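Architecture at a glance
Okay, here's what each chain looks like letter by letter:
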Amino acid sequence: MKTKRVSLICLLLVLMLPCCKEKETRKQIINYFNNDILRISELEQVALKDYGAVTGENYTSDETLHKALTSKVIPTYSRFVTLLEEIHPPNEELRQLHYLYIQSARAYQTGFALLLSALEKRDPALTQAANRYLAEGRKKGKEWRKGFLALCKKHGVKLIFKK
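1. What to know about the nonpolar core
Leu69, Leu84 and Trp144 are the most contacted members of the largest nonpolar core, which has 36 residues in total. Residue assignment for this core shows that the elements contributing at least two residues are helix H1 (2–52), helix H2 (62–85), helix H3 (92–121) and helix H4 (124–154). If one sorts the elements of this core by residue count, H3 sits on top with 11 residues. Among all residues touching Leu69, those that are not within four sequence positions of it are Tyr51, Ile74, Pro75, Phe112, Leu115, Leu116 and Leu119.

2. Some remarks on the packing of H3 against H4
Axis separation between H3 and H4 bottoms out at 7 Å; the angle between their running directions is 160°. In terms of their interaxial angle, H3 and H4 are classed as roughly antiparallel. Along this stretch, H3 crosses H4, giving a crossing that reads as left-handed.

3. Thoughts on the packing of H2 against H3
Viewed as axis vectors pointing N to C, H2 and H3 meet at an angle of 155°, and their least axial separation amounts to 10 Å. Viewed along their axes, H2 and H3 adopt a mutual orientation that is roughly antiparallel. Both H2 and H3 take part in a crossing whose hand is left-handed. Of the residues assigned to the contact of H2 with H3, the class counts are 17 nonpolar, five polar and four charged.

4. Side note on the confidence of the model for the chain
Averaged over every residue, the pLDDT of the chain is 89; residues scoring 70 or more account for 87%. Contacts for the low-pLDDT stretch residues 4–19, under 50 throughout, to residues beyond four places or in other chains number zero contacts.

5. Things to note about the layout of surface pockets
Empty space among the atoms becomes visible once a probe the size of a water molecule is rolled across them. In this model, the largest pocket occupies a volume close to 410 Å³. In this structure, the largest pocket is lined by 20 residues; those nearest its centre are Glu44, Gln45, Tyr101, Trp144 and Arg145. Elements supplying a minimum of two residues to the lining of the largest pocket: H1, H3 and H4. Per-element accounting of the lining of the largest pocket gives the leading share, eight residues, to H4. Here the lining of the largest pocket is composed, by residue class, of 11 nonpolar, five polar and four charged.

6. A look at the environment of Asn31
Relative to the assigned elements, Asn31 resides in helix H1. Taking C-alpha positions, Asn31 is 9.3 Å from Pro89, a pair spaced 58 residues apart along the chain. For Asn31, the side chain forms a polar contact with the side chain of Asn35, separated by 2.3 Å.

What counts, and at which threshold
Residues numbered from 1 in each chain as written. Predicted model: local features only at pLDDT ≥ 70, side-chain atom pairs only at ≥ 80, totals over all residues. Heavy atoms only, no water. Core = buried A, V, L, I, M, F, W, Y, C linked by side-chain atoms within 4.5 Å. Buried < 20%, exposed > 50% of the residue type's maximum accessible area, 1.4 Å probe, protein only. Helix = DSSP H or I, 4+ residues; strand = E, 2+ residues; numbered from the N terminus. Contact = heavy atoms within 4.5 Å. Axes fitted to C-alpha atoms, helices over the stretch in contact; angles between N-to-C directions. Parallel < 35°, antiparallel > 145°, perpendicular 65-115°, else oblique. Left-handed = near helix turned anticlockwise from the far one by under 90°. Nonpolar A, V, L, I, M, F, W, Y, C, P; charged D, E, K, R; others polar. pLDDT = per-residue confidence, 0-100. 1 Å grid on protein atoms, 1.4 Å probe; cavity = no way out; pocket = protein on both sides within 12 Å on 5 of 7 lines; lining within 4 Å. Points joined across faces, edges and corners; volume = space filled by probe spheres on them. Polar contact = N/O pair within 3.5 Å; in protein donor to acceptor, adjacent residues only side chain to side chain.

This is the structure:
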C-alpha cells in the first residue's frame, strides 16, 4: 500500500514537471522582454530615429550626416549594443533568439561605422558596404521579431503593447 502511494506521488510529480517547466519558460520570456529588452530598447529607437532624421528624404548634406553619426547615432547605438551583449537569457531558445538580435545590432553598428568612414574618405565603395551592413541589420532584426513572436505563441505568452 505504501509503495503504491509513493508511486502515485512520484507519477503526479512527473506529470506536473512539464507544466512547471512551461510556466518557468513563460516567466523567462516575459522577464527577457520586459526587464531586458524594453529596458534598453529606447537607446536603439533614439539612434535609429536620429539616423533617419538625416538620411533618405531627410538628407541635406554629408556634413549634417557626419555630425549626426559622430555626435548622436554611433555613441547611442554603441551603448545599446554594449547593454544588449550584457543580457544573458536563461534558456537555450531565448539564447539563440537573442544571438540573432546581437547579430542585427552588430551589423547596424558596423554599417554606421563604415558610413562614417565613407563620408570622411569620400569613398562610394565604403558607402555601398555600409548599406549592405545596414540592410543585414534590418533583415536580422525582422528575423528576431518574427522569432520572438513565434516563441511567445509557442509558449502561450501574449504581448500587450502600451503607447
